[in-house]
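# A look at the structure
Listed below are the residues making up each chain.
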Amino acid sequence: MHIKGLKKNYNNISQSKIVEYNSSITLAVKFIILLCFVILYVILLFIQFKTTNGSLAAIISQVEVMISIYLEIKFNKQGYITAVLLNCTQCITSIIHIIFLNRLDVMPGFVTPICTIIIVSLLYNNINQLNDKIAEILSQKEKLNTLAYFDSLTGIPNRSMILRKMQFIINLSKLENMRFVLVFIDLDDFKKINDSLGHGTGDDFLLAVISRICSIINKNDLIGRIGGDEFALLIQRPLKNDEIIEYIESIKTSLNQPFQIGNFVLNTSASFGVSIFPDDGQTSDELLKNADMAMYKVKSSGKNDINFFNKELKELILKKIDLENNLRSAQDYNEIYVVFQPQYTTNTKKLRGFEALVRWQSPKLGLINPDTMIPIAEETGIIISLGEWILKNACIKFKEISSNLNADVILSVNISTIQFMKPTFVDMVKKVLSETDFDPCKLELEVTESVFISSAEYAARIFEKLKEIGIHIALDDFGTGYSSLSYLHKLPIDILKIDKSFIDELNHYNTRKQIVGDLINLMHKMNIAVVAEGVETEKQLNYLNEHNCDFIQGFLWGKPLSETELKTSISWFS
Ligand code: C2E
Ligand code: CA
Ligand code: CA
């Protein structure tokens, strides 16, 4: 399905005028050449009839044949008609000479033109057939060109065409300084529409989007489809940066208006990345890549916005890609390991258990902390395999450590929301438990509030399934995000972990620290135990003790320890 009128003639008007002018010149030249040959033919004819020299007449006759054939080949239809007319004239003149002047010597001048007419007719026919073949080949070539340079769904230029057009302007700019702007447009969450409503609706939606963009953009700009839900807009007008923003803002606002696709009303938004020639790249590929990078930054910081490419951004993204690539291979190379931070009962300092925390010692990049590593693992989907690996390894190592301890302790493992939302999550946990022969009652999974945000009911169902096996659930980082108490009583949580930022307040004399005491109180009323995270000072410890905080975890009583460190200091924990 094509959008009518979208496929425009992208050659500019001055170019087509030049073509028109050139073709009128060729026509005039053709006519003059043809006329010259006609005059030459007539002169030769005149000499032929006047001369009594037989061999000269024969030579002239041969030249006339050649002129006829040349005219036919060179000028096709016009040449053919001219050759036939000239030969007919010669025939008639010969007949007149034979009949009225009784000149039998001009007989060849009668036979030769008839033969010539037959030859040029045969030739004309064959050449025409050949021309038809050539025309067919050319039209097929044009069709192939259309396929190669235009998008089959929308009919607008495709990636190759956009790149070619950019390269064309870049080449021109060597003669005269030129500046142009490339805007990379990526629809936000198009995949959701495709996945939930099917590819047919997805295609119709894309057509509606491109049609809306085309209705807004300036006629001198070129829009193309780079692939999927990605588009590129080429602006070759002298716009200042704030004018570019204003222009893109108008496209953005229009895309934010709902789309009626069949029976569905669909809402969308788009992320825009901008690169400018010549500052942001010297080749079309580089400009497209950099506009894409600028767009990528928008995607990772909330979508539906505009971003201009700059050199720092490039360094940042390349560093991230490097980190990403290294992380992919890190698991295979045993660069990742788990450390264990102890948790204690606040009033008796009895060991409650350990929280497993991941570490990545990269030979190339050094020690990468989880705050850098986990978000990348989440963005790339690596978290699914990495998370399972962490859980399994933590279980194996913890079993070894706890078998040397006299105390009954628990293992707490952090679970990313991406992992938690996977339909196979509970099965994965069960599989790890059975593979490691781990007692589920000794396992606690730490999740953050973000697991409730999309669906509290779904989270509650998963919690119930985990609790059926005997696993405990801890709500991590409480106080950093959503922090709504209203849903806590609806969810089967065993432990609430108060975030370090709240515990830090306990070092100061302010009213905010009262919140921690109140929170502990409230949790106890709801039968939820409390862990205070990041306890570093005696002052914090005293406050938490006074307010009956169940457990504490922090540098004051124990930093995260590696497996070997733990094994050497095991007696200290017993
Ligand atoms: P978290 O779950 O809140 O983990 C506690 C973090 O606080 C740990 O940082 C720990 O080393 C640090 N910490 C504990 N006590 C103190 C203290 O007294 N003072 C200070 N300054 N820091 C303290 P870490 O290991 O860098 O982990 C950071 C975050 O990365 C974790 O925060 C967690 O959200 C995430 N993370 C760590 N390991 C994993 C994992 O295996 N899986 C997942 N999904 N996330 C993990
Ligand atoms: Ca945690
Ligand atoms: Ca935490």
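About the cut-offs
Along each chain, residues carry numbers from 1 onward, in the same order as the chain's sequence is written. Key to labels: chains lettered from A, ligands numbered from 1, both in the order written. This being a predicted model, a pLDDT of at least 70 is required before a residue's local features are given, and a value of 80 or more before pairs of side-chain atoms are given or counted; all residues contribute to the totals for chains, interfaces and linings. Heavy atoms throughout the structure, all of them, feed into the side-chain values; hydrogens and water do not. Helix and strand assignments follow DSSP, with helices taken as H or I runs no shorter than four residues and strands as E runs no shorter than two, numbered in order from the N terminus. Using C-alpha atoms as the atom set, the radius of gyration is obtained and then compared with a globule rule of 2.2 Å times the number of residues to the power 0.38. Here the term buried applies to any residue with accessible area under 20% of the maximum for its type, exposed to any over 50%, and partly exposed to those in between, with areas from a 1.4 Å probe on protein chains only. Pairs of residues are marked as contacts when any of their non-hydrogen atoms sit within 4.5 Å. Note that accessible areas follow from Shrake-Rupley with a 1.4 Å probe, and for residues the cover is restricted to the protein chains shown. When charges are tallied, Lys and Arg are placed among the positive residues and Asp and Glu among the negative ones, while His and the ends of the chain are skipped. Every charge is mapped to an atom, namely NZ of Lys, CZ of Arg, CG of Asp or CD of Glu. With axes taken as lines fitted to C-alpha atoms, and helix axes fitted only over the stretch in contact, angles between N-to-C directions fall between 0 and 180 degrees. For classification purposes, an angle smaller than 35 degrees is called roughly parallel, one larger than 145 roughly antiparallel, one from 65 to 115 roughly perpendicular, and anything else oblique. Ten residues, namely Ala, Val, Leu, Ile, Met, Phe, Trp, Tyr, Cys and Pro, are considered nonpolar, four, namely Asp, Glu, Lys and Arg, are considered charged, and the remaining ones, Gly among them, are considered polar. Per the annotation, domain bounds derive from an automatic or database assignment of domains. Donor atoms: N, O and S within 2.8 Å of the metal, or within 3.2 Å for Na, K and Ca. Because water is excluded, sites can look incomplete. Strands pair, by our definition, only if DSSP identifies at least two bridges between them. Note on definitions. A residue lies near a molecule or strand when any single heavy atom of the residue is within 4 Å of it. In protein, a polar contact requires one atom able to donate a hydrogen and another able to accept it; more generally it is a pair of N or O atoms within 3.5 Å, and residues adjacent in sequence count only if both atoms are side-chain atoms. A cavity, in this analysis, means grid points on a 1 Å lattice covering only the protein atoms where a 1.4 Å probe fits yet has no way out; a pocket is instead an open set bounded by protein on both sides within 12 Å along at least five of seven lines, and a residue lines either one if it has an atom within 4 Å of a point. Whether a molecule sits in a cavity or pocket is decided by its atoms, more than half of which must lie within 2 Å of the grid points.

Here we take up the overall build of the protein chain. Per the secondary structure count, the protein chain includes 20 helices and 16 strands. Over its C-alpha atoms the protein chain spans a radius of gyration of 42 Å, topping by over 25% the 25 Å that the globule rule assigns to 574 residues. In terms of principal-axis extent, the alpha carbons of the protein chain reach across some 145 × 50 × 50 Å. Here the protein chain holds 574 residues, and 44% of them are scored as buried. Counted over contacts in the protein chain with a minimum sequence separation of 6, partners at least 24 positions apart contribute 67%. As presented, the protein chain carries roughly 30,300 Å² of accessible surface, and 58% of it is formed by carbon and sulfur atoms. Treating the 58 positive side-chain charges of the protein chain as one cloud and the 65 negative ones as another, the clouds have centres 6 Å apart.

Contact geometry for helix H9 (residues 311–330) and helix H10 (residues 370–380): axes closest at 10 Å, N-to-C directions at 80°. Classed by the angle they form, the pair H9 and H10 counts as roughly perpendicular. Every residue of H10 that contacts H9 at Lys-320, Leu-323, Glu-324, Leu-327 and Arg-328 is listed here: Thr-372, Met-373, Ile-376, Ala-377, Glu-379 and Thr-380. In terms of residue class, the contact of H9 with H10 is built from 5 nonpolar, 2 polar and 4 charged.

Let us look at the domain arrangement of the protein chain. A common way to state how big an interface is: give the accessible area lost once the parts meet. Here the domain parsing of the protein chain yields domain 1 (12–149), domain 2 (159–309) and domain 3 (328–573). Computed from C-alpha atoms alone, the centre-to-centre distance between domain 1 and domain 2 is 55 Å.

For a metal bound by four donors in tetrahedral geometry, the ideal donor-metal-donor angle is 109.5 degrees, whereas six donors in octahedral geometry ideally sit at 90 or 180 degrees. Each protein donor to the calcium ion (ligand 2) is listed here as Glu-355 (OE), Asn-414 (OD1), Glu-446 (OE) and Asp-476 (OD); together their distances run 2.1 to 2.3 Å. The calcium ion (ligand 3) is placed at 3.9 Å from the calcium ion (ligand 2), the two being bridged by Asp-476. With a gap of 30 residues between them, Glu-446 in strand S12 (residues 443–447) and Asp-476 in strand S13 (residues 472–478) connect regions that are remote in the sequence. Its relative accessible area of 1% is what places Glu-446 among the buried residues.

Spatial ordering of the open sheet is given by S2-S3-S1-S6-S7, a layout of 5 strands whose pairing is mixed. Unpaired on one side and paired on the other, strand S2 (222–227) and strand S7 (306–308) mark the two borders of the sheet. Recorded for the sheet is a direction-independent mean angle of 20° between the axes of neighbouring strands. In terms of strand pairing, strand S1 (residues 180–187) meets strand S3 (residues 230–235) through 6 bridges, oriented antiparallel. By the bridge assignment, Phe-184 is partnered in S3 with Ala-232. Contacts from helix H6 (residues 199–216) reach S1, S2 and S3, with the element oriented near 155° to S2. Along the sheet, helix H7 (residues 241–256) makes contact with S1, S3, strand S6 (270–277) and S7, crossing S6 at roughly 155°.

Distances from the calcium ion (ligand 3) to its protein donors, Asp-476 (OD), Asp-477 (OD), Glu-533 (OE) and Glu-533 (OE), fall at 2.1 to 2.4 Å. Read in sequence order, the donor residues for the calcium ion (ligand 3) give the motif D-D-x55-E.

Neighbouring ligand 1 are 21 residues; Gln-341, Arg-359, Asp-476, Glu-536 and Phe-555 lie closest to it. Note that an oxygen atom of ligand 1 is positioned 3.1 Å from one of the side-chain N or O atoms of Asn-414. In the model, an oxygen atom of ligand 1 is placed 3.1 Å from a nitrogen or oxygen of the Asp-477 side chain. Protein contact buries 82% of the 800 Å² of open area that ligand 1 shows by itself. Of all the cavities here, the one that holds ligand 1 is the largest pocket. Looking at the shell around ligand 1, the elements that each hand over two or more residues are strand S9 (351–362), H10 and S13. Considering every element that reaches the shell around ligand 1, the biggest residue donor is S9, with 4 residues.

To continue, consider the packing of H10 against helix H11 (residues 382–403). With their axes 6 Å apart at the nearest point, H10 and H11 run at an angle of 125° to one another. Between H10 and H11, the crossing angle belongs to the class labelled oblique. Of H11, the residues touching H10 (which contributes Met-373, Ile-374, Ala-377, Glu-378 and Thr-380) are Ile-382, Ile-383 and Leu-386. Residue composition of the contact of H10 with H11, by class: 6 nonpolar, 1 polar and 1 charged.

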